[in-house]
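# Chain and residue survey
Residues per chain, in single letters:
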Amino acid sequence: MSTTNVPHPQTYTLAVLELQSPPTPPSTGTGTDTSPVVIVTTTHKDANTILLDYPPGAYTAMRTFSCLGIMDFSGHVTRIANSLSQIHFPESDRITAGEDVDVESEELDVKEGLASFRDPGSLKVVVADVVRKALRAYFAVKENGEAGSEAKVTVLCTWNVKGHVPALLAHAEPLKVPKERRCKVKVHGSPRHHATAKDSQWVRDRAALEATLSKDTNEGLLLDEASQNLYEGLSSNFYAFDRKSQSVVTAPLDSVLQGTILKVVLAVCEKQKIPVQFKFPNLRDIDHWEGAFITSTSRLVLPIETIILPDGSEKKFGESPAIELIRFHVLQECQRRVEALLTAQDLE
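Now for a look at the structure at hand. Per chain, residue numbering runs from 1 following the sequence as it is written. Local features in this predicted model are restricted to residues of pLDDT 70 or higher, and side-chain atom pairs are both shown and tallied only at a pLDDT of 80 or more, whereas totals for entire chains, interfaces and linings draw on every residue. The side-chain figures draw on all heavy atoms in the structure; neither hydrogens nor water molecules are used.

### Overview of empty space enclosed by the protein
So the rule is basically this: Using only the protein atoms, space was sampled on a 1 Å grid; points where a 1.4 Å probe fits but cannot get out form cavities, open sets with protein on both sides within 12 Å along at least five of seven lines form pockets, and lining residues are those with an atom within 4 Å of a point. Grid points are joined across faces, edges and corners, and a volume is the space filled by probe spheres set on the points. Helix and strand assignments come from DSSP, with helices taken as H or I runs of at least 4 residues and strands as E runs of at least 2, each series counted from the N terminus. Amino acid classes used here: Ala, Val, Leu, Ile, Met, Phe, Trp, Tyr, Cys and Pro are nonpolar; Asp, Glu, Lys and Arg are charged; the rest, including Gly, are polar.
One pass over the structure, following the stated rule, counts 1 cavity of 30 Å³ or more. Roughly 40 Å³ of internal volume is contained in the largest cavity. Lining the largest cavity we find Arg182, Gly291, Ala292, Pro303, Ile304, Gly318, Glu319, Ser320 and Ile323. Secondary structure elements with two or more residues in the lining of the largest cavity: strand S13 (289-296) and strand S14 (300-308). Partitioning the lining of the largest cavity into residue classes produces 4 nonpolar, 3 polar and 2 charged.

Here you go:
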């Protein structure tokens, strides 16, 4: 059989921190006292598949700029640490199986084992090492290291119930940037529980919703049917721009996951004197919107051209000068917030 037309599988990189015992807070700034080993391998599994291979835990998705740095790396680490403080991990598979074990002792193991990972300062040292090694290996692959080819890095921290230690990994793959300047979205799904924690369980929960989106639909928007309030996207934050008040309207911050780009949007709006209302965009007000947009690591600011409403009808928007202004300045601000992890020599 000829294999001429068989596509070459994409090569991704996976870096996994191997711990034999729970880490202790670093005393010298060089990492954990247990001197953990980072195992780097290649894989043909994308980030979502890898996240589903591991138990649910705290995760974040970042992107490189100029291949050398991560936009708001410190913010991503803080997000993981904060999410770990909100997630309740299954103490062990023995408890899940109903075995006669000391539950309090098991819970103490998890609490002590994750202590240093719940501290942003300690966690940053470890995550930086794992991400750096994942990126070095990723860009060493010829097609990944081509000029202008940025990477998406997904970091997961969870609890290894069998080893009774934390599990930390970083996965690097090509950054998929939307080709279109404006997009189509669909009101599709209900608000999630514990939205403020970046829990990889959400990757499982949203999979069915993502699978039913048409190929030309970029995102699904989560709606509370009773109130007609829009919360966020399946993998993005959502904003409306009110025509009358000339202000950005986005959900209360304690009701959604605050993406790293959302924080940049808020900073840009403050600098550009654009008012922001932290209230739910409501579908009943859609005719009063000048436009709308979504944000995420890969999309940055992506204006919406069409919203498919629950009854199947469509609402279309023209270009909004205000949203384009926000888009421009967010890109500039993102570039200013890049934290270098690699050097030019790492890419040679």
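Moving on, there is more to tell.
### Some words on the packing of helix H7 (residues 260-271) against helix H8 (residues 321-336)
Heads up, the rule is: Only C-alpha atoms enter the line fits that serve as axes; for helices the fit covers just the stretch in contact. Angles between N-to-C directions range over 0 to 180 degrees. To sort the angles, those under 35 degrees are grouped as roughly parallel, those over 145 as roughly antiparallel, those from 65 to 115 as roughly perpendicular, and the leftovers as oblique. Take the far helix as your reference; a near helix turned counterclockwise from it by less than a right angle gives a left-handed crossing, and one turned clockwise gives a right-handed crossing. What makes two residues a contact is simply this: any of their non-hydrogen atoms within 4.5 Å.
Where H7 meets H8, the closest approach of the two axes is 9 Å, and the angle between their N-to-C directions is 115°. On the basis of the axis angle, H7 is roughly perpendicular to H8. Considering the relative orientation of H7 and H8, their crossing is right-handed. Across the interface between the two elements, Ile261, Val264, Val265, Val268, Cys269 and Lys271 of H7 pack against Ile326, His329, Val330, Glu333, Cys334 and Arg336 of H8. Residue composition of the contact of H7 with H8, grouped by class: 8 nonpolar, 1 polar and 3 charged.

### Some thoughts on the pattern of salt bridges
Filter applied, for reference: Counted as salt bridges are all cases of a side-chain nitrogen of Lys or Arg within 4 Å of a carboxyl oxygen of Asp or Glu. Exposure categories follow from relative accessible area, calculated using a 1.4 Å probe and restricted to protein chains: below 20% of the type maximum is buried, above 50% is exposed, and the middle band is partly exposed.
Per the counting criterion, the structure on display carries 16 salt bridges. Salt-bridge contacts for Arg181 lead to Glu324; the nearest nitrogen and oxygen are separated by 2.9 Å. Residue Arg181 is located in the loop between strand S6 (165-174) and strand S7 (183-187), and its partner Glu324 is located in helix H8; the two are separated by 143 residues in the primary sequence. A salt bridge links Lys315 to Asp287; the nearest nitrogen and oxygen atoms lie 3.3 Å apart. With Lys315 in strand S15 (residues 314-316) and Asp287 in the loop between strand S12 (276-278) and S13, this pair connects stretches of sequence that are 28 residues apart. Take Asp287: its relative accessible area is 52%, and that puts it in the exposed class. Because the salt bridges share partners, they merge into one network encompassing Lys271, Glu333, Arg336 and Arg337.

### Notes on unusual backbone geometry
Within the chain, Cys67 stands out as a residue other than glycine whose phi angle is a positive 65°. Mapped onto the elements of the fold, Cys67 is located in the loop between strand S3 (58-65) and strand S4 (69-71). With a phi angle near 50°, Gln246 is a residue other than glycine that sits in the positive phi range. Among the structural elements, Gln246 can be located in the loop between strand S10 (237-242) and strand S11 (247-250).

### What to know about the side chain of Thr297
In plain terms, the rule: Polar contacts, as used here, are pairs of N or O atoms within 3.5 Å; protein pairs need one atom able to donate a hydrogen and one able to accept it. Residues neighboring in sequence count only if both atoms are side-chain atoms.
Inspection of the secondary structure puts Thr297 in the loop between S13 and S14. Under the relative-accessibility criterion, Thr297 is labelled buried at 14%. Here the side chain of Thr297 touches Ala61 through a polar contact of 2.9 Å, landing on its backbone oxygen. Residues contacting Thr297, with those up to four places away along its chain left out, are Ala61, Met62, Arg63, His76, Thr260 and Ile261.

### Describing the layout of surface pockets
If a probe as big as a water molecule is rolled over the atoms, it shows which places are left empty. The space that makes up the largest pocket amounts to roughly 1,100 Å³. Lining of the largest pocket is provided by 43 residues; of these, Lys152, Arg206, Ser235, Ser298 and Arg299 occupy positions nearest its centre. Breaking the lining of the largest pocket down by element, the ones donating at least two residues are helix H1 (47-53), S3, strand S5 (151-160), S6, helix H6 (201-211), strand S9 (229-233), H7 and S13. Partitioned by chemical class, the residues of the lining of the largest pocket number 13 nonpolar, 15 polar and 15 charged. Here the second largest pocket defines a volume of roughly 290 Å³. Forming the boundary of the second largest pocket are 15 residues, of which Arg63, Val177, Arg299, Leu300 and Leu331 lie nearest the centre. Secondary structure elements with two or more residues in the lining of the second largest pocket: S3, S14 and H8. For the lining of the second largest pocket, the leading source of residues is H8, giving 4 residues. Partitioned by chemical class, the residues of the lining of the second largest pocket number 8 nonpolar, 2 polar and 5 charged.

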